[in-house]
Protein chains: 2
Amino acid sequence: MTAQIRLPLDQILVGDCIEQINKLPENSVDLVFADPPYNLQLQGELVRPNNSVVDAVDDHWDQFETFQAYDRFTHDWLRAVRRVLKDDGGLWVIGSYHNIFRVGAALQDLGFWILNDVIWRKTNPMPNFRGKRFTNAHETLIWCSKSEKSKRYTFNYDAMKAFNDDQQMRSDWLLPLCTGSERLKVDGRKAHPTQKPESLLARVLLSTSQPGDVVLDPFFGSGTTGAVAKKLGRRFIGIEREQDYAEIAMDRIARVKRIEDESLLKIESKRTEPRVPFGNIVERGMLRPGEVLFDQRKRWFAKVRPDGSLVSDAAKGSIHSVGAAVQGAPACNGWTFWHVDRGGNTVPIDVFRQQVRAEMRA
Amino acid sequence: MTAQIRLPLDQILVGDCIEQINKLPENSVDLVFADPPYNLQLQGELVRPNNSVVDAVDDHWDQFETFQAYDRFTHDWLRAVRRVLKDDGGLWVIGSYHNIFRVGAALQDLGFWILNDVIWRKTNPMPNFRGKRFTNAHETLIWCSKSEKSKRYTFNYDAMKAFNDDQQMRSDWLLPLCTGSERLKVDGRKAHPTQKPESLLARVLLSTSQPGDVVLDPFFGSGTTGAVAKKLGRRFIGIEREQDYAEIAMDRIARVKRIEDESLLKIESKRTEPRVPFGNIVERGMLRPGEVLFDQRKRWFAKVRPDGSLVSDAAKGSIHSVGAAVQGAPACNGWTFWHVDRGGNTVPIDVFRQQVRAEMRA
DNA sequence: CGCTGCCGTGAATCCCAAG
DNA sequence: GCTTGGGATTCACGGCAGC
């Protein structure tokens, strides 16, 4: 793709995030992960996105002013991101209750389409010291596509299901904070205040991107996105305002090793497997014309015809349409519905398709 | 308090919620629990893999033309609520990603002060039937005070800690949906599409109100708030637009008895071991991507992928499905089947799971 | 009476390539 | 744009029938 030639891949652009994003070509990025600042509302010092300090805090109007400023900032960087995101790309934003509601509303206002909100449940959150609230034990991520119309965003459903012991991955993820040796230190003190754990980014990239994809992080910070992207064979573009952080991140990423074995990264799903027409199964003699197929519980029967169609009392046609017809159902997957007798065992006809696919791969 | 004399306590006011709220005196309510329409914006019908159709929430009261219309609605009822809420009162709103970001932003704009966002993790959510997203397994509640200045809102810290096995109550709550005999039925069909479980309301009222407090629910629906309020010795004011729902709720509440011994509601400690997906083991670095697993007798081998799946000559997928595939068995417990070399010793991967569980208990 | 297996169902923004 | 049809897709419970 020609656009990719001009992309500053696997680099950190130092500067204002909107200015830097605007230098990138449109529709060029597969995935965005953003961890925007949300320290604009903490007690004591109140800082606007442009770094100017808000004077009075406890006045209603000022609060409103501050939210307005944050909303403007949020709209601006999201609009910039939206331009460079591919039409079927994905966007993640992480935040806490201080900012995530404003971010979510801005996303919807700009036409992004929310796919899930995901809860990062912390195994080891900071306790609430004063006993005035519930322990704030989670953060919220919003995952969205570029628009309602995008139906081909990347979601590695099968990989996530395998990860989770063959059950669908839920919208709540239990993960520890970034501590111990993973936590970057400078002179014994943490190098960045909000370094995210690599496990969190790994789950984001593994679920919603493919190897080789370009991942943009407009608030790069300590570079967790880049480190995990490199490890997992994705490309990254980082943007960071502070030179110090950019240097720390670049050092960190240089020490990361990419997983070399391609077979460990390649993603396959049933939806991307080649289509095998049922006729091929008959053609190859794996099923004989005239052979009788039946459902698991032997309630319905149909005969194989030489042209790869089925015929039953109720209907004739494809394995799917006849399966649907005998059940009186609106639809049916004939591959898993119909079975045949092989050596006294009842086997689904899907085994023949799997056999053909295995031969195609070899 | 004189204001309370005029309050329509333990009643349901039938009518538009804003009109009804406006009839109440200002600064008269201790707690508000609101379950507003979610603005789901559903498209077509959704069919389960078994061809049954999901009974979706497509009621007229959940339809809004635009986000702007929804925002206007939200601002209007929140402003009305704010007037009748005492200065040290509390407000809860529950929602999903469809609406909660807009609600949260509106709360902040109106001067409410967010104390926590609380995640209701569902033990038994509806799965994602088409494999296109993460299972939407939670809803979000926002708990806030009337303003930043309110420092005397009610939070029963010690009660919550006692209920939670002497650990601070976290911001993520694991609770089942409202099903079974608790679910109100009319002619065998659910009486209300979005009836909330009493356990959820119990936790809300026990944590942030006191016996005798007045609790207002402007979207009363099937009356869970009223039922639990009566049970726990709180007073309620319900507002509901639909006469049918109001009647169902009143009947329901009439059958409720007050509970004298609140210890009955103690959150039972989970005796069952927490589920640890295999992916967590890889995520935590206890197994490295590319590492080779084998069975006890080293007849079969598979490699660990970074996404927590395995790949062997024969198959790829979860530890369980690949274990089954290599043996030609219908099923397999991957935790005990697969082993790895650690310092010259062959250890089953289950030791890593036990290790994670031990950490989680600690 | 207890065990097993089948069936129903829950706030859901849920397919997609080929013609 | 459109239509058509192949075929991919579910977890935890409660209730109930059957044995």
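Residues numbered from 1 in each chain as written. Chains lettered and ligands numbered in written order. Predicted model: local features only at pLDDT ≥ 70, side-chain atom pairs only at ≥ 80, totals over all residues. Heavy atoms only, no water.

What counts here: UniProt positions are given in the numbering used here, feature names are shortened, and annotations may be inferred rather than shown by experiment.
Chain A is annotated in an unreviewed UniProt entry as Methyltransferase of Nisaea acidiphila. The Sequence similarities (unreviewed entry) field of the UniProt record for chain A holds the comment "Belongs to the N(4)/N(6)-methyltransferase family."

1. Observations regarding helix H13 (residues 350-361) of chain A
Residues and elements named next belong to chain A. Which entries qualify depends on this criterion: Only DSSP runs of H or I with at least four residues qualify as helices, and only runs of E with at least two residues qualify as strands; both kinds are numbered from the N terminus onward. The span one expects for a helix is its residue count, reduced by one, times 1.5 Å. Partly exposed residues are those whose accessible area sits between 20% and 50% of the maximum for their type, while under 20% is buried and over 50% is exposed, using a 1.4 Å probe and protein chains only. What the arc measures is the spread of directions leading from the helix axis to the C-beta atoms. Residue contacts are counted whenever heavy atoms from the two residues lie within 4.5 Å of one another.
Along its 12 residues, H13 runs 17 Å from first to last C-alpha, staying within 8% of the 16 Å computed at 1.5 Å per residue. Taken as a whole, H13 has its buried residues at Asp350, Phe352, Arg353, Val356 and Arg357. For H13, the arc enclosing every buried residue in end-on projection is 155 degrees, short of the 170-degree limit, so these residues lie on one face. Contact partners of the buried residues in H13: helix H10 (278-283), helix H12 (334-337), strand E17 (339-342) and strand E18 (345-348).

2. Thoughts on the protein's contact with DNA strand C
Residue and element names in this part refer to chain B. For clarity, the threshold we go by: Whether a residue is near a molecule or strand depends on its heavy atoms: if one lies within 4 Å, it is near. In the analysis that follows, any N or O atom pair within 3.5 Å is treated as a polar contact, provided that within protein one partner can donate a hydrogen and the other can accept it, and provided that, for residues neighboring in sequence, both atoms belong to side chains. Any residue outside Ala, Val, Leu, Ile, Met, Phe, Trp, Tyr, Cys, Pro, Asp, Glu, Lys and Arg is labelled polar, Gly included; the first ten of those are nonpolar and the last four are charged.
As a structural note, the neighbourhood of DNA strand C is formed by 44 residues, with Gln41, Arg48, Tyr97, Arg130 and Lys132 the closest of them. Restricting the count to atoms of DNA strand C within 4 Å of the protein gives a sugar and phosphate share of 48%. Within the backbone of Asn124, a nitrogen or oxygen atom sits 3.3 Å from a base nitrogen of DNA strand C. Taking Phe129, its main chain carries an N or O atom lying 2.9 Å from a base nitrogen of DNA strand C. Residue composition of the surface near DNA strand C, by class: 19 nonpolar, nine polar and 16 charged.

3. Observations concerning the pattern of salt bridges
Note the cut-off: In what follows, salt bridge is the name for a side-chain nitrogen of Lys or Arg lying within 4 Å of a carboxyl oxygen of Asp or Glu.
Throughout the structure, instances matching the rule amount to 43 salt bridges over all chains. Notably, a salt bridge pairs B:Asp172 with B:Arg170, separated by 2.7 Å at the nearest N-O pair. Of the two residues, B:Asp172 and B:Arg170, neither departs from the other in class, the shared state being buried. Because the salt bridges share partners, they merge into one network encompassing A:Asp71, A:Arg102 and B:Asp109.

4. Description of the packing of aromatic side chains
Operational definition: Stacked, tilted and edge-to-face pairs are distinguished by plane angle, under 30 degrees for stacked and over 60 for edge-to-face with tilted covering the rest, among Phe, Tyr and Trp rings (Trp via its six-membered ring) whose centres lie within 6.5 Å.
On inspection of all chains with the given rule, the structure shows 37 aromatic pairs over all chains. With a centroid separation of 5.8 Å and an interplanar angle of 15 degrees, the aromatic rings of A:Trp92 and A:Trp143 are classed as stacked. Within this pair, whereas A:Trp92 is found in strand E5 (residues 85-95), its partner A:Trp143 is found in strand E7 (residues 138-145), the two being separated by 51 residues in sequence. With a centroid separation of 5.4 Å and an interplanar angle of 40 degrees, the aromatic rings of B:Trp143 and B:Phe155 are classed as tilted. Of this pair, B:Trp143 sits in strand E5 (residues 138-145) while B:Phe155 sits in the loop between E5 and helix H5 (157-163); the two residues are 12 residues apart in sequence, bridging distant segments of the chain. Judged by relative accessible area, which is 1%, B:Trp143 ranks as buried. For B:Phe155, a relative accessible area of 13% corresponds to the buried category. Joined through ring pairs, the aromatic side chains of A:Trp92, A:Trp143, A:Tyr153, A:Phe155, A:Tyr157, A:Trp173 and B:Phe134 make up one cluster.

5. What about the environment of B:Ala229?
Residue and element names in this part refer to chain B. Topologically, Ala229 is positioned in helix H7 (residues 224-231). Classification of Ala229 by relative accessible area gives buried; the value is 0%. Residues Ala229 and Ala162, 67 residues apart in the sequence, show an inter-C-alpha distance of 20 Å. Contact partners of Ala229, with chain neighbours within four places excluded, come to Leu205, Arg234 and Phe236.

6. Observations regarding the protein's contact with DNA strand D
All names here are of chain A. The local shell around DNA strand D holds 26 residues, among which Tyr157, Lys161, Arg275, His320 and Arg353 are the closest. If you look at DNA strand D and keep only atoms within 4 Å of the protein, 61% of those are sugar or phosphate atoms. Within the side chain of Asn333, one N or O atom sits 3.3 Å away from a phosphate oxygen of DNA strand D. Here the surface near DNA strand D gets three residues from one element, more than from any other, and that element is helix H5 (residues 157-163). By residue class, the composition of the surface near DNA strand D is nine nonpolar, 10 polar and seven charged.

7. Focus: the UniProt feature "domain: RAMA" (unreviewed entry) in chain A
According to UniProt, the "domain: RAMA" (unreviewed entry) feature falls on residues 266-361 of chain A. Annotated as residues 266-361 of chain A, this span is 32% helix and 20% strand, and its ends, taken at the C-alpha atoms, are 14 Å apart.

8. Focus: a negative patch on the surface
All names here are of chain A. Note the cut-off: Patch building starts from residues that exceed 30% relative accessible area and form no salt bridge, then joins like charges within 9 Å and nonpolar side chains (Val, Leu, Ile, Met, Phe, Trp, Tyr) within 5 Å. Working definition of accessibility: Shrake-Rupley area with a 1.4 Å probe, residue cover restricted to the visible protein chains. Counted as positive: Lys and Arg. Counted as negative: Asp and Glu. His and the chain ends are not counted at all. Here the site of a charge means NZ on Lys, CZ on Arg, CG on Asp, or CD on Glu.
On the surface, Glu242, Asp244, Glu247 and Asp251 cluster together into a patch of negative charge. Residue placement: Asp244 occurs in helix H8 (residues 243-254). On the accessibility criterion, Asp244 (56% relative accessible area) is exposed.

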